[in-house]
Amino acid sequence: KSNRMSPAPATVPCQYRTGKTLGSGTYAIVKEAVHIKTGEYYACKVINKKLMEGREYMVRNEIAVLKKVSRGNPNIVTLHDYFETSHNLYLCFDLCTGGELFDRICAKGNYYEADAAELVRTIMGAVKYIHGCGIVHRDLKPENLLFRTKDEDADIMIADFGLSRAMEDHLLTEVCGTPGYMAPEIFKKTGHGKPVDVWAMGVITYFLLCGYTPFDRDTQQQEMQAILVGDYKFEPEEYWANVSQTARDFVAACLTIDPDARPTAEEALKHPWLASATPHYVPDP
Ligand code: ADP
Ligand code: MG
């Protein structure tokens, strides 16, 4: 009998029961999942195998790498488990209950400079670690940066990395809806190595400081043109009045058009803006 129209089973094969949907992104749906035996909660990313089209081997390969690499840094969402059915791939990650950085920026308007520097330093440190493992994230943006808990000072975590190369065809055709964080060399098709992540960090930093993104234009074509020539300004002035020259200089360095001249993650961490970042909470005197 055909069961093509029957609803998806409530129990993920093996040992998890899925719950509410936490989010969806470029090629997956992420659901809350509880490990039945232990009662532990995870975030289960469900990827439809149809989207891989013959690249399954590549995806499996990268998952194995991810599982190893994701344990090596406290600000990367750990991959605990993965398994497949004939239709889907299931990846079980640490559950981050604090939501996306994107939503916190939107709720706040913008971050105080010292808080922004602290976040950027933490994320850049994790980016440096990923790069050291030979992995490029390629999709750094505030939607992929999650808070571990709902606390105001919760750890920030990098999610959604490592699979973008294996999913590439799909990414390039479908993701073009949000080119805002993409480096110029991606459009020029001259390469997209580690420097694209530093560029994205420049866009994210800009967004943190003022509450809007630097290359936002009416059309995607105009946005791409602006990115290609690095056409952005620290304006309108009222949004930037309280932002230091050092912070602007950091953004400008990350948004260097030539990827070879752009600082590496390691170099970016040594920039005065990050090197002098103050701790999140300064105790009262
Ligand atoms: P995609 O590759 O489709 O973009 P993501 O891994 O970015 O998938 O996940 C999509 C969304 O699901 C994220 O933007 C986030 O809101 C939510 N999400 C992903 N991973 C987790 C997690 N570990 N904990 C909580 N929510 C998550
Ligand atoms: Mg994502």
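Being a predicted model, the structure only gives us computed values, none of them experimental.

> I tried to follow the overall build of the protein chain on my own but got confused; where do I start?
Along the protein chain, the regular secondary structure elements total eleven helices and eight strands. Out of the 285 residues in the protein chain, the part that is buried amounts to 35%. Sequence separation of 24 or more characterises 63% of the internal contacts of the protein chain that already satisfy a separation of 6 or more.

> It is not clear to me how the pairing of strand β5 (residues 79–84) should be interpreted in this structure. Could you clarify?
If a strand is regular, its side chains alternate between the two faces of the sheet. Relative to strand β6 (residues 88–94), β5 runs antiparallel, the two being bridged by five bridges. Directly across from Leu79, in β6, lies its bridge partner Phe93. Here β5 folds back onto β6 in antiparallel fashion, the turn holding three residues.

> Explanation requested: the site of ligand 1 in the structure shown.
Every one of the 21 residues lining ligand 1 counts as a neighbour, but Gly23, Gly25, Val30, Ala43 and Asp160 are closest to it. Of all the elements in the fold, those that place two or more residues in the shell around ligand 1 are β2 (16–24), β3 (28–35), β4 (41–48) and β6. For the shell around ligand 1, the class distribution of residues is eleven nonpolar, five polar and five charged.

> I would appreciate a short explanation of the pairing of β3 in the present structure.
Both β2 and β3 contribute to a ladder of six bridges, which runs antiparallel. From the neighbouring strand, Tyr16 faces β3, where its bridge partner is His35. In this antiparallel pair of consecutive strands, β3 and β4, the connection spans five residues, and Gly39 shows a positive phi of 75°.

> Would you mind showing me how to read the packing of helix α3 (residues 113–132) against helix α6 (residues 195–210) here?
Two quantities define a packed helix pair, namely the angle between the axes and the distance from one axis to the other. As a packed pair, α3 and α6 sit with axes 10 Å apart at the nearest point and diverge in direction by 160°. If you check the angle between α3 and α6, you find them roughly antiparallel. At the point where α3 passes α6, the crossing takes the right-handed sense. The segment α3 lies against α6, with Glu113, Ala116, Leu119, Val120, Ile123, Met124 and Val127 engaging Asp197, Met201, Thr205, Leu208 and Leu209. Here the contact of α3 with α6 is built from residues that sort into nine nonpolar, one polar and two charged.

> Explanation requested: the nonpolar core in the structure shown.
The nonpolar side chains of a soluble globular protein tend to be buried, and buried together. Cys44, Val120, Ile123, Ile158, Met201 and Leu208 are the most contacted members of the largest nonpolar core, which has 70 residues in total. Contact partners of Val120, with chain neighbours within four places excluded, come to Met201, Thr205, Leu208 and Leu274.

> Explain the environment of Phe215 here, please?
Within the fold, Phe215 resides in the loop between α6 and α7 (220–229). Owing to 21 C-beta atoms within 10 Å, Phe215 belongs among the buried residues under this scheme. For the pair Phe215 and Lys233, spaced 18 residues apart in the sequence, the C-alpha separation amounts to 9.1 Å. Among residues more than four places away in sequence, those in contact with Phe215 are Gly180, Glu223, Ala226, Ile227 and Tyr232.

> Sorry, what's going on with the UniProt feature "binding site: ATP" (unreviewed entry) in the protein chain here?
Here the UniProt feature "binding site: ATP" (unreviewed entry) sits at Lys45. Mapped onto the fold, Lys45 is located in strand β4. Residue class for Lys45 comes out buried when judged on the 27 C-beta atoms lying within 10 Å of it. Excluding residues within four positions of it along the chain, Lys45 makes contact with Ala28, Val30, Leu91 and Phe93.

> How do you make sense of the packing of α6 against helix α9 (residues 245–254) when you look at a structure like this?
The contact between α6 and α9 brings their axes to 7 Å, and the two run at 150°. Comparing the axis directions of α6 and α9 gives the class roughly antiparallel. By crossing handedness, the relation of α6 to α9 is classed as left-handed. Of the residues in α9, those in contact with Val198, Trp199, Met201, Gly202, Thr205, Tyr206 and Leu209 of α6 are Ala247, Phe250, Val251 and Cys254.

Criteria and cut-off values
Residues numbered from 1 in each chain as written. Chains lettered and ligands numbered in written order. Predicted model: local features only at pLDDT ≥ 70, side-chain atom pairs only at ≥ 80, totals over all residues. Helix = DSSP H or I, 4+ residues; strand = E, 2+ residues; numbered from the N terminus. Buried ≥ 20, exposed ≤ 12 C-beta atoms within 10 Å, placed from the backbone. Contact = placed C-beta atoms within 7 Å. Pairing = 2+ DSSP bridges. Near = placed C-beta within 6 Å. Nonpolar A, V, L, I, M, F, W, Y, C, P; charged D, E, K, R; others polar. Axes fitted to C-alpha atoms, helices over the stretch in contact; angles between N-to-C directions. Parallel < 35°, antiparallel > 145°, perpendicular 65-115°, else oblique. Left-handed = near helix turned anticlockwise from the far one by under 90°. Core = buried A, V, L, I, M, F, W, Y, C linked by C-beta atoms within 7 Å. UniProt positions renumbered as here; feature names shortened; annotations may be inferred.

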